[in-house]
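Examination of the molecular architecture
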Amino acid sequence: LIIESTYGDRLHRANTTSIGQLLEAIEHTRRKGGNLIIPAFAVERTQDLIYDLNLLYKQGKLPSDQKVYIDSPLAIAATEIFKRSSEFYDNETRQLLMEGADPFLLPNLHYSRTREDSVKLNQSVDGKIIISASGMCDAGRIKHHLKHNLWRADSTILLVGYQASGT
């Protein structure tokens, strides 16, 4: 048996720890009034984040007025595929579906499909969560969001995935 694994030699934190840290970053940034910028890989990491945000919302920890933007055409397309592929969900996610909950639905989840939509996100600072590709910050729309938010004391950049040397 031969298996390729990027992260095979690493121990990962429990998901409850990661969700707690995500909530801490959201609350910290909301108090400051800035944007939370999350560079994320378009496939799986973005969907994991939507799922985690949904759990926080269901637990009453994420306010219903919290605006969340997915700013990556590939991540949007991947999320739509995830939504249509419930037969591949794990037992926990299937249980949510059986209870009538959609793990990829939030009250204020928006998709930025066009370049113009993406540019508009930085025209105001109103406490948005922006999840944008690429996860290593070396290409794509995330560079635009970093340019507009990295220098801001009230905004937070949250790295949630692997960062290769030099990225």
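Residues numbered from 1 in each chain as written. Predicted model: local features only at pLDDT ≥ 70, side-chain atom pairs only at ≥ 80, totals over all residues. Heavy atoms only, no water.

A few points about the overall build of the protein
Helix and strand counts for the protein stand at six helices and five strands. Taken from N to C terminus, the helices and strands of the protein fall in the order α-β-α-β-α-α-β-α-β-α-β. Its C-alpha atoms give the protein a radius of gyration of 16 Å, within 12% of the compact-globule value 15 Å for 167 residues. With the C-alpha coordinates aligned to their principal axes, the bounding extent of the protein is approximately 45 × 40 × 30 Å. For the protein, the share of sequence-separated contacts (at least 6 apart) that also reach a separation of at least 24 residues comes to 78%. On the protein, roughly 9800 Å² of surface is accessible, and the fraction owed to carbon and sulfur atoms is 53%. Here the protein contributes 20 positively and 20 negatively charged side chains, and the mean placements of these two sets differ by 7 Å. (Helix = DSSP H or I, 4+ residues; strand = E, 2+ residues; numbered from the N terminus. Rg over C-alpha atoms; globule rule 2.2 N^0.38 Å. Contact = heavy atoms within 4.5 Å. Areas by Shrake-Rupley, 256 points an atom, 1.4 Å probe, with all protein chains shown as cover. Lys, Arg positive; Asp, Glu negative; His and termini not counted. Charge placed at Lys NZ, Arg CZ, Asp CG, Glu CD.)

Comments concerning the sheet that holds strand β3 (residues 109-111)
The strand order across the open sheet formed by five strands is β3-β2-β4-β1-β5, and the pairing between neighbours is parallel. A single partner strand is all that each edge strand has here, and the edge strands are β3 and β5 (156-157). The pairing of strand β1 (residues 36-39) with strand β4 (residues 129-132) spans four bridges and is classified as parallel. Bridge pairing links Leu-36 to Ile-129 in β4. Contacts from helix α2 (residues 45-58) reach β1, β2 (68-71), β3 and β4 within the one sheet, and its direction differs from that of β4 by about 155 degrees. Each of β1, β2, β4 and β5 is contacted by helix α6 (residues 142-149), which is oriented at about 150 degrees to β1, the strand it contacts most. (Pairing = 2+ DSSP bridges. Axes fitted to C-alpha atoms, helices over the stretch in contact; angles between N-to-C directions.)

Concerning the nonpolar core
Core analysis: the biggest nonpolar cluster contains 29 residues, and Leu-22, Ile-26, Ile-38, Leu-53, Ile-129 and Ile-131 have the highest contact counts within it. Of all the secondary-structure elements, those providing two or more residues to this core are α1 (15-32), β1, α2, β2, α3 (73-84) and β4. Counting residues per element, this core draws most heavily on α2, at six residues. Tyr-69, Leu-121, Ile-142 and Leu-146 belong to the second-largest nonpolar core, a separate cluster that totals six residues. (Core = buried A, V, L, I, M, F, W, Y, C linked by side-chain atoms within 4.5 Å. Buried < 20%, exposed > 50% of the residue type's maximum accessible area, 1.4 Å probe, protein only.)

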